[in-house]
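# Structural overview for review
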Number of protein chains: 2
Amino acid sequence: MASGGIRPTSRDVARAAGVSQATVSLVLGDKWRGRVSERTAAVVREAAGDLGYAPNLAARSLRTGRTRTALLVVPALTHEYFARVYTGAAAVAAEHGFGVVLYPSPAGTGPARDPFGSARAAIDGVLASSMAADALAGIGEGGRAGGLPLVMLDSDPAAPGGPPTVNLAVADGIRQVARHLLALGHRRIIHLASDVDTWTFRVRADTVAAELRAVPGALLRTERCALDVTAARDAALRALTASGPRPTAVLCDGDTLAAGACKAARHLGLHVPRDLSVSGFDDLSLATALDPELTTVRLPAEQVGGAGMSALLTLLRGDHPAPVDLPVELVVRGSTGPVAAKEA
Amino acid sequence: MASGGIRPTSRDVARAAGVSQATVSLVLGDKWRGRVSERTAAVVREAAGDLGYAPNLAARSLRTGRTRTALLVVPALTHEYFARVYTGAAAVAAEHGFGVVLYPSPAGTGPARDPFGSARAAIDGVLASSMAADALAGIGEGGRAGGLPLVMLDSDPAAPGGPPTVNLAVADGIRQVARHLLALGHRRIIHLASDVDTWTFRVRADTVAAELRAVPGALLRTERCALDVTAARDAALRALTASGPRPTAVLCDGDTLAAGACKAARHLGLHVPRDLSVSGFDDLSLATALDPELTTVRLPAEQVGGAGMSALLTLLRGDHPAPVDLPVELVVRGSTGPVAAKEA
DNA sequence: CAGCGGCAGTGTTACGTATAACGTGGCTGG
DNA sequence: CCAGCCACGTTATACGTAACACTGCCGCTG
């Protein structure tokens, strides 16, 4: 079991099983239907098991040109959403004997000019978040990434001739949030939005605007800021202290922004949700760590990664994966409530 | 630049440079000192650059048995600390042409019996967090992991004959927290501790106990719970509503626990920090998302990963890396304050 | 002038796998 | 009785790199 350090090769297995190396390769490669007898196959598998044989991936890659490794391109793994996307992708990949590596070497120390660098030699396909698209100029042209099969995550599915996409129903999610707030009686609403200009955030902005336009008397103020707590706090403070009647709800593009909005509220002496309702988006662990817990939209991040990986595997088989749209779910918690009586 | 898809080989470079393939290998492998003239080397490098040559990693691995890839074993990437450890490790690895893959395929779908599975074929060494040690029974025996060079992170450095370690000065950090609370006048203190029994948490418990023992009149109550907000909230509620005079401070083993403690305080109508001081540990992004922001201990997580990777590279060179102890820093924010006058 | 050592490279080989091409008995239909 | 075919394997080969052994050649030395 605990071998001295030298790994057995397919030839060792062949010797042990009394067959040729080619037969071992056939059996273990699952290509033996009708070419090797059931019994011989069993013998080979047992010998492989006894020796603890595992194929040398380098040799296999060299021969086939396939590495059984996918590259996941995300802006930062320290964002919980992307960590979960990775988790989902890696799980599906593992089921198919694939591995997942990450780009960039998160410090961003890699050569920006040649996005894939030497990694290009060692991967079969790319799974890229549209939020990392800035790191990869020209990605997605012709539906490929530097000649490699590509699947885009959270990207505009309408792009013609683009790569297969896996998307979340963000429009639906943010619409549910908007209607939730409207149903609670809120009419003066701040949309605390990301200042990043990618599809997933444009959709949010458009949908919120459309929903509020449909309601007479609804008033929308949009405030854009970076996706961090401090920036969100400052932006929320600006919006809440602007002239005119005070908004009664802050609809945020992300839980992080919502945390900032809550801090702004507290700073102004406003109670959440009595004086101000705050909604998030993402359902990070942060959402339940705050007090009150955030009303937010739960994103199936693992499924995004998993579905993306499935699509990539389909692509690698030569088929065309269908576009995927994953449902999201409004989770109502304590940070939103009915508008105060005096405000109504 | 954008070649049709077929990658150039070292032989192509050799042809372009007018030398033999072996020379290309020598030059690009940086083994040419005194074996190839400066001028020839320059010619080779230029040809390689023109063709956009990148070595075929599979072929190299096959020949050398080295893959230039390290395995990072962590419990879950969705924990911000480990995501940051990964980030640091990957950055250092990239500087040396190494990659980092993660274990387990986070869903835990891998074969638990053979911890490394087929990955063992494709890695040169292992970087393992002691907090994932349960996933890897027998890891670290003889300072190796299944025959592979190993570096342990956040592990007991005193283990004899064990692998090289990279540690944080957690004892120093938690001591600073304890003294901070004591200096603020707190005497009745809850230690909200992890129920995980690994070195890093044992050190916390021992250090807190020792510090409080040294102060006359100090009273310590330890409450153990799982590392999530809800469990922490419940544990804190238990401790805060126990009979006897109420504690004035909760010293937590992690920011997540501290978030739970804050929720418990709010549930009991206690103001943080006026009625109850709460301290965290880790300095996650959560620490500044909460309101008030958490007094906590900042851990150089990226440096843990980076130093671990450096140690592993040293090990792979055949040298003995020195044990690393990284300093931590107390960050005083708004969640701790002087004990209320009436309590004193 | 023979011999030696160092420089600057070249020729060749091995790594372990996957697969195309190639037997080889035995059975069966005509 | 033989062609043909199936079931069952084997032989041979290619992949791209790194390392080892080797070869001219030049200058120096005794």
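Residues numbered from 1 in each chain as written. Chains lettered and ligands numbered in written order. Predicted model: local features only at pLDDT ≥ 70, side-chain atom pairs only at ≥ 80, totals over all residues. Heavy atoms only, no water.

## Side note on the packing of aromatic side chains
Residue and element names in this part refer to chain A. Applying the stated rule across the entire model yields 2 aromatic pairs over all chains. Judged by centre distance (5.2 Å) and plane angle (75°), the ring pair of Tyr81 and Phe82 falls under edge-to-face. The pair formed by Tyr81 and Phe82 is uniform in burial state, with each residue classed as buried. Here Arg204 stacks its cationic end above the ring of Phe281, 4.3 Å away from the centre of that ring. (Phe/Tyr/Trp six-rings, centres within 6.5 Å; stacked < 30°, edge-to-face > 60°. Buried < 20%, exposed > 50% of the residue type's maximum accessible area, 1.4 Å probe, protein only. Lys NZ or Arg CZ within 6 Å of the ring centre and 35° of its normal.)

## Observations concerning the protein's contact with DNA strand D
Residues in contact with DNA strand D amount to 25 residues; listed here are only the nearest, Thr23(A), Ser37(A), Ser10(B), Arg11(B) and Tyr53(B). Protein-adjacent atoms of DNA strand D, using a 4 Å cutoff, are sugar or phosphate at a proportion of 61%. Contact between DNA strand D and Ser37(A): a phosphate oxygen at 2.7 Å from a main-chain N or O atom of the residue. Arg63(B) places a polar side-chain atom, nitrogen or oxygen, 3.0 Å from a sugar or linking oxygen of DNA strand D. Sorting the residues of the surface near DNA strand D by element identifies α2 (21-28) and α4 (57-64) of chain A together with α1 (10-17), α2 (21-28) and α4 (57-64) of chain B as the ones contributing at least two each. Ranked by the residues each element gives to the surface near DNA strand D, the list is headed by α4(B), at 4 residues. Looking at the surface near DNA strand D, its residues break down into 8 nonpolar, 10 polar and 7 charged. (Near = heavy atom within 4 Å. Polar contact = N/O pair within 3.5 Å; in protein donor to acceptor, adjacent residues only side chain to side chain. Helix = DSSP H or I, 4+ residues; strand = E, 2+ residues; numbered from the N terminus. Nonpolar A, V, L, I, M, F, W, Y, C, P; charged D, E, K, R; others polar.)

## Here we look at the interface of chain B and chain A
Each side of the interface is counted separately: chain B has 42 residues, and chain A has 43 residues. Buried area between chain B and chain A, both sides added, is near 3,300 Å², and the carbon and sulfur share of it is 66%. Contact with chain A buries surface across chain B, with Lys263(B), Arg266(B) and Asp291(B) losing the most and accounting together for 16% of the total. Viewed at the interface, chain A and chain B are joined by 4 salt bridges. Two residues, Asp291(A) and Arg266(B), come together in a salt bridge whose shortest N-O distance is 3.6 Å. Counting the contacts that link chain B with chain A gives 6 residue pairs in polar contact (both at pLDDT 80 or more). (Contact = heavy atoms within 4.5 Å. Buried area = accessible area lost by both parts, 1.4 Å probe. Salt bridge = Lys/Arg side-chain N within 4 Å of Asp/Glu carboxyl O.)

## Topic: the pattern of salt bridges
This structure, assessed with the given rule, holds 36 salt bridges over all chains. Across the pair Arg179(B) and Glu211(B) runs a salt bridge whose closest N-O atoms are separated by 2.8 Å. You can see Arg179(B) sitting in helix α6 (residues 170-183) and its partner Glu211(B) sitting in helix α7 (residues 199-213), a full 32 residues away along the chain. Across the pair Arg274(B) and Asp275(B) runs a salt bridge, and its minimum N-O distance is 3.3 Å. A residue is classified by how much of its surface remains accessible, and Arg274(B), at 51% relative accessible area, is exposed. Salt bridges here are not isolated pairs; linked through shared partners, they connect Lys263(A), Asp283(B), Glu293(B), Arg298(B), Glu329(B) and Arg333(B).

By themselves these figures say nothing about function.
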